[in-house]
Amino acid sequence: MRGLSWSDVTPKPQWLNRRQLMAGGAALLATPALAKIEAAKSRFSTDAAPNTLSEITTYNNFYEFGWDKGDPARNARLLTTDPWAVEISGLVDRPGSYGLDDILKDAPLEERIYRFRCVEAWSMVIPWIGFELAHLLNKAGVQPGAKYVAFETLVRPEEMPGQTTRSLDWPYREGLRLDEAMHPLTILATGLYGEAMPNQNGAPIRLVVPWKYGFKSIKSIVSIRLTDTQPETTWNMQNAREYGFYSNVNPEVSHPRWSQASERRVGAGIFAGREDTVMFNGYGAEVAGLYAGMDLSKDY
Ligand code: MTE
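As the structure is a prediction and not an experimental result, all values here were calculated from the model.

### Concerning the overall build of the chain
Part 1: A count of helices and strands for the chain gives 10 helices and 12 strands.
Part 2: Taking all 300 residues of the chain together, the buried fraction comes to 53%.
Part 3: Split by element, the accessible area of the chain, about 13,200 Å² in all, is 54% carbon and sulfur.

### Here's the deal with the site of the ligand
Part 1: Around the ligand sit 16 residues in total, of which N60, Y63, E64, T153 and K219 are the nearest.
Part 2: With respect to the ligand, the backbone of Y63 contributes an N or O atom lying 2.7 Å from an oxygen atom.
Part 3: Between the ligand and T153, the relevant distance is 2.8 Å, taken from a nitrogen atom to a side-chain nitrogen or oxygen of the residue.
Part 4: Calculation on the ligand without its partners gives an accessible area of 530 Å², and the protein chains cover 99% of this total.
Part 5: Looking at the shell around the ligand residue by residue, the class counts come to 7 nonpolar, 6 polar and 3 charged.

### Describing the UniProt feature "binding site: Mo-molybdopterin" (unreviewed entry) in the chain
Part 1: In the numbering adopted here, UniProt assigns the feature "binding site: Mo-molybdopterin" (unreviewed entry) to N60, Y63, E64, C118, T153, N201, R206, S217, I218 and K219.
Part 2: Structurally, N60 can be placed in the loop between α4 (53–58) and α5 (71–75).
Part 3: Not counting residues up to four positions away in its chain, the partners in contact with N60 are D68, K69, P72, Q200, N201 and K219.
Part 4: A polar contact is formed between the side chain of N60 and the backbone oxygen of I56, at a distance of 3.1 Å.
Part 5: Relative to the assigned elements, T153 resides in strand β5 (residues 148–153).
Part 6: Judged by relative accessible area, T153 falls into the buried class, the value being 2%.
Part 7: The residues contacting T153, other than those within four sequence positions of it, are E64, M160, P171, Y172, I218, K219, S220, I221 and V222.

### What about the nonpolar core?
Part 1: Grouped together as the largest cluster of nonpolar side chains are 73 residues, with contacts concentrated most on W128, F131, L133, F151, L207, W211 and I224.
Part 2: Element by element, the count of residues in this core is highest for strand β4 (residues 122–132), at 6 residues.
Part 3: In this view, L207 contacts L133, F151, L176, T186, I187, L188, K216, S217, I218 and I221; residues no more than four positions away in its chain are not counted.

### A look at the environment of Y283
Part 1: Note that Y283 resides in the loop between β12 (275–276) and α10 (284–287).
Part 2: When the C-alpha positions of Y283 and F44 are compared, they lie 9.2 Å apart, and in sequence the two are 239 residues distant.
Part 3: In this view, Y283 contacts F44, I113, Y114, R115, L185, P210 and W211; residues no more than four positions away in its chain are not counted.

### Description of helix α7 (residues 133–140)
Part 1: With respect to burial, α7 is a largely interior element, 6 of its 8 residues being buried.
Part 2: Just beyond α7, the residue with positive phi is G141, at close to 80 degrees.

### Here we look at the sheet that holds strand β6 (residues 173–177)
Part 1: In spatial order, the strands read β2-β1-β10-β5-β6; together these 5 strands make up an open sheet with mixed pairing. Of all the strands in the sheet, the pair left with one neighbour each is β2 (96–99) and β6. Strand-to-strand, the axes of this sheet are offset by a mean angle of 20 degrees, without reference to chain direction.
Part 2: In this structure, β5 lies alongside strand β10 (residues 221–227), joined through 6 bridges in antiparallel fashion. Paired with T153 across the strands is I221, a residue of β10.
Part 3: Packing against the sheet, α7 makes contact with β1 (85–90), β2, β5, β6 and β10, and its axis sits at approximately 65 degrees to β10.

### A closer look at the pairing of strand β11 (residues 262–265)
Part 1: Pairing of β4 with β11 involves 2 bridges; the strand directions are parallel. Paired with W122 across the two strands is R264, which belongs to β11.
Part 2: As paired elements, β11 and β12 share 2 bridges and run antiparallel to each other. Bridge pairing in β12 places E263 opposite E275.

### Focus on the side chain of T186
Part 1: Mapping T186 onto the fold places it in the loop between α8 (178–181) and β7 (187–192).
Part 2: With a relative accessible area of 0%, T186 lands in the buried category.
Part 3: Among residues more than four places away in sequence, those in contact with T186 are F131, E132, L133, L176, E180, A181, L207, V208, V209 and W211.

### Things to note about the pattern of salt bridges
Part 1: Applying the stated criterion across every chain yields a total of 19 salt bridges.
Part 2: Here K139 makes a salt bridge to D102, at a shortest N to O gap of 3.8 Å. Residue K139 is located in helix α7, and its partner D102 is located in helix α6 (residues 100–105); the two are separated by 37 residues in the primary sequence.
Part 3: Relative accessible area serves as the criterion here: at 19%, K139 is assigned to the buried category.

About the thresholds
Residues numbered from 1 in each chain as written. Predicted model: local features only at pLDDT ≥ 70, side-chain atom pairs only at ≥ 80, totals over all residues. Heavy atoms only, no water. Helix = DSSP H or I, 4+ residues; strand = E, 2+ residues; numbered from the N terminus. Buried < 20%, exposed > 50% of the residue type's maximum accessible area, 1.4 Å probe, protein only. Areas by Shrake-Rupley, 256 points an atom, 1.4 Å probe, with all protein chains shown as cover. Near = heavy atom within 4 Å. Polar contact = N/O pair within 3.5 Å; in protein donor to acceptor, adjacent residues only side chain to side chain. Nonpolar A, V, L, I, M, F, W, Y, C, P; charged D, E, K, R; others polar. UniProt positions renumbered as here; feature names shortened; annotations may be inferred. Contact = heavy atoms within 4.5 Å. Core = buried A, V, L, I, M, F, W, Y, C linked by side-chain atoms within 4.5 Å. Pairing = 2+ DSSP bridges. Axes fitted to C-alpha atoms, helices over the stretch in contact; angles between N-to-C directions. Salt bridge = Lys/Arg side-chain N within 4 Å of Asp/Glu carboxyl O.

Put into structure tokens, the structure is as follows:
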């Protein structure tokens, strides 16, 4: 939040969704029913206990701000996230620059408590606030020829010190097959723990795909492009043998340098054992059908 925060003057569930409130008129601030919509619970949320806000916001991967887990919390403070727009292009009926206010004004925000599994074999449980990516794609009007969705993060080396080095080929890029992108579990998150998204977690808008390794969940998105060809993705470009396009969580396919059979829950304490990693990060009932007939040891 910039300057005087709405959190200073309004109860949390209301300022969270202030853009919707502005669109609907200030009188709605007094409507109690609205709080329910804003904090709508989801059948897709896990019952597992979430990690603490401090764990979620101090142990991050956001290489635009540095390589250490603590770098994003230190360095992302100065990132300007207002104004913000997402360019939607390619095979859509209504291409253009969509301002964040426009994106959020009719977005059905929900709390989604998701398991989050990094390819580095650590995991967390994170209470995101967001809406289904399908909502935005439908708003833009996906054309019949579209088969993939390509995403890009902001490039702004003045505010993103990691981008002054060639540690990765900027912008950070990610992609999904269209059916993965349209799946109801796939969300664009704009907050967590009932607050606007902290910069280090990908403010103001980032992808969350809970059945895939965390690097697919691209942060601080400025571009969404619908294409008919599989897009280039950052880690696949960096090292195709280690990081596939699909990158579904899969305990049976080891990373060339470590096993993916188990994971360490961040914050669990030094005496807690590792947990077994579950196929599709536990979301198999919802998503396994997307990969029917595919050999996931080859299409990893
Ligand atoms: N998005 C961008 N733009 N840059 C990044 O470095 N890191 C990815 C993903 N999205 C990354 C990114 C990786 S490796 C992970 S594990 C998650 O973000 C981490 O998300 P978190 O810090 O919110 O837990």
